[in-house]
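# Examining the three-dimensional arrangement
What follows is the residue order along each chain.
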Amino acid sequence: MLETRDFVAMFVGIAIIALGLLPLLSKLGVGPSWFALSLPTNILSYVIAAGALFLVYASIIEITNSNGMGSISIIVALVLLSIGLLPILNGFGIGPAFFSLSFLAGLGDYLFHIIFIVEGFFLLISGFLMEM
């Protein structure tokens, strides 16, 4: 039986997928013009970090329920957490210039949208797998 935390994980996953998919579809020329609305890059980093932290929580619950997908989810969550936290730390003046991830600037917002889709997909999966 699914619990409230499972529905929360699924809802957050769907919301994060929408945050990545709608602007990406707009850049590809599909959908109405309001799909193009996107958040500034520094706010996107905070959303990625918060979603990844929630994914770490969901992954730990998956692992304690002896689910094999939890190991993959926690690795993805830690990678996404580092991608989200490094620019935040650089914004506060902590760490070297590498933390700004400026070498990824050539990819533009496409990278953030793809990260959102992957993160939301794993949150959606973990919503189902936390109870198994």
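See the structure shown above.
The notes below deal with the structure included here. If you're wondering where the values come from, they're calculated on a predicted model, not measured in any experiment. The written sequence of each chain sets the order in which its residues are numbered from 1. Local features in this predicted model are restricted to residues of pLDDT 70 or higher, and side-chain atom pairs are both shown and tallied only at a pLDDT of 80 or more, whereas totals for entire chains, interfaces and linings draw on every residue. Each side-chain value is worked out from all heavy atoms of the structure, with water and hydrogens disregarded.

### As for the overall build of the protein chain
Operational definition: Labels follow the DSSP assignment, with helices taken as runs of H or I lasting at least four residues and strands as runs of E lasting at least two, numbered in each case from the N terminus. A radius of gyration in this sense is built from C-alpha atoms; the matching globule rule multiplies 2.2 Å by the number of residues raised to 0.38. Buried means the residue's accessible area, taken with a 1.4 Å probe over protein chains only, is under 20% of the maximum for its type, while exposed means over 50%, and partly exposed covers the values in between. Contact definition: two residues touch when any of their heavy atoms are within 4.5 Å. Only the protein chains shown count as cover for residues, and the accessible areas themselves come from Shrake-Rupley with a 1.4 Å probe.
A tally of regular secondary structure across the protein chain gives 4 helices and 0 strands. Counting from the amino terminus, helix and strand elements in the protein chain follow one another as α-α-α-α. In terms of overall size, the protein chain behaves like a compact globule, its C-alpha atoms giving a radius of gyration of 16 Å where 132 residues would be expected to give roughly 14 Å. Its C-alpha atoms put the protein chain at 45 × 40 × 20 Å along the principal axes. A buried classification covers 36% of the 132 residues belonging to the protein chain. Summarising the internal contacts of the protein chain: among those between residues at least 6 apart in sequence, 75% fall at separations of at least 24. Approximately 7,200 Å² of the protein chain is accessible, and the part contributed by carbon and sulfur atoms is 78%.

### Description of the pattern of salt bridges
Using the following cut-off: A carboxyl oxygen of Asp or Glu within 4 Å of a side-chain nitrogen of Lys or Arg is what we treat as a salt bridge.
Following the criterion strictly, the structure yields 2 salt bridges and no others. As a salt-bridge pair, Arg 5 and Asp 6 come within 3.9 Å of each other at their nearest N and O atoms. Judged by its relative accessible area of 29%, Arg 5 is partly exposed. The class of Asp 6 is buried, set by a relative accessible area of 0%.

### Details of helix α4 (residues 110–129)
Our working rule: Here the expected span of a helix is defined as 1.5 Å times the quantity of residues minus one.
Here α4 contains 20 residues, and its C-alpha end-to-end distance of 29 Å stays within 8% of the 28 Å for a straight helix at 1.5 Å per residue. Those residues of α4 not exposed but buried are Phe 112, His 113, Ile 115, Phe 116, Glu 119, Gly 120, Phe 122, Leu 123, Ser 126, Gly 127 and Leu 129. Of the surrounding secondary structure, the elements contacted by the buried residues of α4 are α1 (4–27), α2 (41–64) and α3 (69–91).

### Topic: unusual backbone geometry
Of all residues except glycine, most have a negative phi; of all peptide bonds, most are trans. Positive phi outside glycine occurs at Ser 66, with the angle close to 60 degrees. Checked against the element boundaries, Ser 66 lands in the loop between α2 and α3. What makes Ser 66 exposed here is its relative accessible area of 69%.

### Considerations on the side chain of Ser 126
For Ser 126, the position within the fold is in helix α4. Judged by relative accessible area, which is 0%, Ser 126 ranks as buried. Among all residues touching Ser 126, those that are not within four sequence positions of it are Ala 9, Leu 55, Ala 58 and Glu 62.

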